[in-house]
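Single-letter residue listing:
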Amino acid sequence: MPVLIPRSVDELVDIFQEHPAAKLLAGGTDYMVEVNLHGRKPETMISLRQVKELSEWSVRSTQRSITIGAGLPYADMEHGEIARLVPALAQAARTVGSPQIRAAGTLGGNLGTCSPAGDSLPVLAALNATIHVIGPDGNRDVEFSDFMIGVKKNSLRPAEFVHSVSMPIVDGWQGYAKVGTRNAMVISTASACLVRDSDEGIVSIALGSVGPTVIRCHGAETWLMKTMSLRAESTLDPVVAQEFGQRVAQESRPIDDHRSTAEYRRHAVGVLAQRLLLRSFS
Amino acid sequence: MSINIPVSGQSNEIYSLSVNGQVHQVKDAWIGESLLYVLRERLGLPGSKGACEQGECGSCTVIVDSKAVCSCLVMAADAVNTEILTVEGLGPNGALTDVQSAFLSEGGVQCGFCTPGFIVAVHHLLESNPSPTDDEIREALSGNICRCTGYGRILEAVRTVADQRRTNS
C-alpha cells in the first residue's frame, strides 16, 4: 500500500488509471480524521500535494470568469484578488475550520468529500459553477448541480479527479452566511449563499447542511424575480424579504442529527436567506 | 518521473522527512501514521502535542513549507519533500525564543499542554504580520484551544513580543 506522489497532471492521470481504487489525498483534513478516529485503514494513496498545476488559478476577463485549481487552499481565497472577484467564496472560505485547517483544506477536497456541510459548495451551486474533471477518457465539464448527487456522493467516475472549478464573475452583490454553535472552528448547522446579478436582474440562492445535497431554491428564486425587480436601482420591501425567507425554508429538506434538529435548521436557513437578501440591498 | 514512496501496510519500508533542518529516516511505519505520531513516537520530538486528533485543538501545530498546519491531519508519508519546523526547532540550540519568554513573563502558560501549539502559531503569525491588531491575533489563534488561561495573558504575550520586536528593529 504505497503513497504515490505524482508531480504533474499527466502523471496523476496515468497513476490513477493504473490504481483506480486508490484514494486521492489533498489537504487531509477530512481523510486523516477518518484514519485517526474512525478506524479507517488507508488504501493505496495518491498524494496531490506536489501537482503544482492543481493549486493555480486564473481569470478570463473576456469571459468574465475565474478558474480555481482543485488544490488551492482556502487560505488563498480569503483575501486578495479572488476575494475581490468572488466575495461569497472568500466569506465561505473564512468560515472553514481554523487557520490551520484553511492552510491545508482545498476546494477539490470539499468536492471530493461532498458533505452537505461543505462550506464552499453552496457558493458553487449559487454561481452555477462548472467542475472541470479529468479522467482516463479525457476531460469533461460537469455542472455543479450534476456533480453533487447525494450525502458525500458525487458523480465522478472511476479514476476521475477534479482539476479545477470555473465560476462567473458577477456584477452585483453576493454573500455567504452560516449558523453554527460557535464563531470559529465550526461545522455549519445551516448555511446559505445568495448571488444577485443586478445587471440581469437575477437572483440565485443555495443552501448547505439542510438536505442530502446542497439545495438550489428555484421556487423562491422564481417567485422573487416575478414579485420585484432585482436590478441595481430597485428597492426591497421588508415584507417581501420575509416571505422570501419563508419560501426558501420550505424548499429545505433538513433532518435531525447530532448537530441540530430539522425544525431549527429550517427556521435558521429561512432567517439566513432573508438576511442575505436584505444585505444585498443595503 | 513520479516518486513511488514505498510506505507499506506493515512492513519495513523507509522514507525521509526533513524536520528542523535535519533529514530523518522513518522506518517500519504504517501508512496511516500522522505526522504528529511520527514526530513524537518515531523521531523523538514530543514537543507537538496530541489531543483531539481531528484538527480542532491546535496543540499539534507545526510549520510545513511555511504554513502552520495541524500535524495530526498530515499523513506523514505525504510530507516527504517538505520542510517541517516544530516547536523544538524554533530557538537556537534549545534556547527560548522571544515568544516563549513572553509567554512565561506574561503568564500565558498554566498547565502548558496547549503551549507548544500556541508558540508555533504565534511565530507563524508574527512572521507574516509583525504588527497584528487584536482582531488579527484572535483570528490567527482561533485554531488553538486553551482551557486554563482564558486567553487574556496569551494575547498579552503576543502584544509584548510584537512591541519588543518593533523596539529592537
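Scoring rules and cut-offs
Residues numbered from 1 in each chain as written. Chains lettered and ligands numbered in written order. Predicted model: local features only at pLDDT ≥ 70, side-chain atom pairs only at ≥ 80, totals over all residues. Heavy atoms only, no water. 1 Å grid on protein atoms, 1.4 Å probe; cavity = no way out; pocket = protein on both sides within 12 Å on 5 of 7 lines; lining within 4 Å. Points joined across faces, edges and corners; volume = space filled by probe spheres on them. Helix = DSSP H or I, 4+ residues; strand = E, 2+ residues; numbered from the N terminus. Buried < 20%, exposed > 50% of the residue type's maximum accessible area, 1.4 Å probe, protein only. Contact = heavy atoms within 4.5 Å. Buried area = accessible area lost by both parts, 1.4 Å probe. Salt bridge = Lys/Arg side-chain N within 4 Å of Asp/Glu carboxyl O. Polar contact = N/O pair within 3.5 Å; in protein donor to acceptor, adjacent residues only side chain to side chain. Core = buried A, V, L, I, M, F, W, Y, C linked by side-chain atoms within 4.5 Å. Domains from an automatic or database assignment. Pairing = 2+ DSSP bridges. Axes fitted to C-alpha atoms, helices over the stretch in contact; angles between N-to-C directions. Nonpolar A, V, L, I, M, F, W, Y, C, P; charged D, E, K, R; others polar.

(A) Empty space enclosed by the protein, seen in detail. Following the criterion strictly, the structure yields 1 cavity of 30 Å³ or more and no others. Of the voids in this model, the largest cavity is the one considered here, and its volume is about 40 Å³. Forming the walls of the largest cavity are Gly27(A), Thr29(A), Gln100(A), Ile101(A), Ala104(A), Val69(B), Cys70(B), Leu73(B) and Val74(B). Listed by contribution, the elements that provide at least two residues to the lining of the largest cavity are α5 (99-104) of chain A together with β5 (67-70) of chain B. In terms of residues, the lining of the largest cavity owes the most to one element, α5(A), which gives 3 residues.

(B) Looking closely at the side chain of Ser65(A). Along the chain, the position of Ser65(A) falls in strand β5 (residues 65-69). We classify Ser65(A) as buried; its relative accessible area is 13%.

(C) Layout of unusual backbone geometry. Residue and element names in this part refer to chain B. Even without a glycine there, the phi angle at Asp 65 is positive, about 50°. Relative to the elements of secondary structure, Asp 65 occurs in the loop between β4 (61-64) and β5. Classification of Asp 65 by relative accessible area gives partly exposed; the value is 40%. Phi at Tyr 151 takes a positive value of approximately 75°, unusual for a residue other than glycine.

(D) Just the interface of chain A and chain B, in detail. Each partner contributes residues to the interface: chain A has 39 residues there, and chain B has 40 residues. When chain A packs against chain B, the two sides together hide about 3,000 Å² of surface, and 57% of this comes from carbon and sulfur. In this structure, the connection of chain A to chain B is made through 4 salt bridges. Measuring nitrogen to oxygen at the nearest pair gives 3.3 Å for the salt bridge that ties Asp78(B) to Arg49(A). Where chain A packs against chain B, one counts 10 residue pairs in polar contact (both at pLDDT 80 or more).

(E) Structural context of the side chain of Asn154(A). All names here are of chain A. Among the secondary structure elements, Asn 154 is positioned in strand β9 (residues 153-154). A polar contact of 3.3 Å, which involves the side chain of Asn 154, links it to the backbone oxygen of Gly 112. At 3.1 Å, the side chain of Asn 154 forms a polar contact with the backbone nitrogen of Leu 156.

(F) Main features of the nonpolar core. Grouped together as the largest cluster of nonpolar side chains are 77 residues, with contacts concentrated most on Met167(A) and Leu17(B). A per-element tally of this core places helix α7 (residues 121-126) of chain A first, with 5 residues. Leu17(B) has contacts with Gln22(B), Val23(B), His24(B), Val26(B), Leu35(B), Val38(B), Leu43(B), Ala76(B), Ala79(B), Val80(B) and Ile84(B), leaving out every residue within four places of it along the chain. Counting 27 residues, the second-largest nonpolar core is a separate cluster that includes Ala192(A), Ile215(A), Met228(A) and Leu230(A).

(G) View of the domain arrangement of chain A. Residues and elements named next belong to chain A. With domains assigned, chain A is organised as domain 1 (3-168) and domain 2 (172-280). Spacing between the C-alpha centres of domain 1 and domain 2 amounts to 24 Å. The partner domain 2 presents 22 residues to the 25 residues of domain 1 that form the contact. Regarding the contact of domain 1 and domain 2, the summed buried area is about 1,700 Å², with carbon and sulfur atoms giving 61% of it. By the criterion of area lost to domain 2, the three top residues of domain 1 are Pro 116, Pro 122 and Ala 126, representing 28% of everything that side buries.

(H) The arrangement of the sheet that holds strand β13 (residues 202-208) of chain A in detail. Residue and element names in this part refer to chain A. As summarised here, the arrangement of the 4 strands in space is β11-β12-β13-β14, forming an open sheet in which the pairing is antiparallel. The strands lining the two open edges of the sheet, one partner per strand, are β11 (174-179) and β14 (215-216). The strands that helix α9 (residues 218-227) touches are β13 and β14; relative to β13, the one it contacts most, it runs at about 155°. Helix α10 (residues 238-251) rests against β12 (190-197), β13 and β14 of the sheet, and its axis sits at about 45° to β13.

(I) Quick peek at the pattern of salt bridges. If you walk through the whole model with that rule in mind, you get 19 salt bridges over all chains. Two residues, Glu139(B) and Arg94(A), come together in a salt bridge whose shortest N-O distance is 2.5 Å. Here Glu139(B), found in helix α4 (residues 134-140), pairs with Arg94(A), found in helix α4 (residues 87-94), and the two come from separate chains. The class for Glu139(B) is partly exposed, based on a relative accessible area of 26%. A salt bridge links Arg265(A) to Asp257(A); the nearest nitrogen and oxygen atoms lie 3.0 Å apart.

(J) Quick peek at the pairing of strand β6 (residues 130-135) of chain A. All names here are of chain A. Judged by how many residues are buried, β6 sits mostly within the fold: 6 of 6 residues are covered. Burial of the side chains of β6 extends over both faces: Thr 130, His 132 and Ile 134 are buried on one face and Ile 131, Val 133 and Gly 135 on the other. Bridge count between β6 and strand β7 (residues 138-143): 6 bridges; the pairing is antiparallel. Bridge assignment links Gly 135 to a residue of β7, and that residue is Gly 138. Between β6 and β7, which pair antiparallel in sequence order, lie 2 residues. Judged from the 5 bridges that link them, β6 and strand β10 (residues 161-168) form a sheet pairing that is antiparallel. By the bridge assignment for β10, Thr 130 is matched with Ser 166.

(K) Looking closely at the domain arrangement of chain B. All names here are of chain B. Structurally, chain B comprises domain 1 (14-85) and domain 2 (92-168). Measuring from the centre of the C-alpha atoms in domain 1 to the corresponding centre in domain 2 gives 22 Å. Contacts between domain 1 and domain 2 engage 14 residues on the former and 10 residues on the latter. Counting every contact that joins domain 1 to domain 2 gives 0 salt bridges. Taken together, the links from domain 1 to domain 2 amount to 4 residue pairs in polar contact (both at pLDDT 80 or more). Breaking the side of domain 1 that touches domain 2 down by element, the ones donating at least two residues are β4 and β5. Broken down by element, the side of domain 1 that touches domain 2 gets its largest block of residues, 3 residues, from β4. Looking at the side of domain 1 that touches domain 2, its residues break down into 5 nonpolar, 6 polar and 3 charged.

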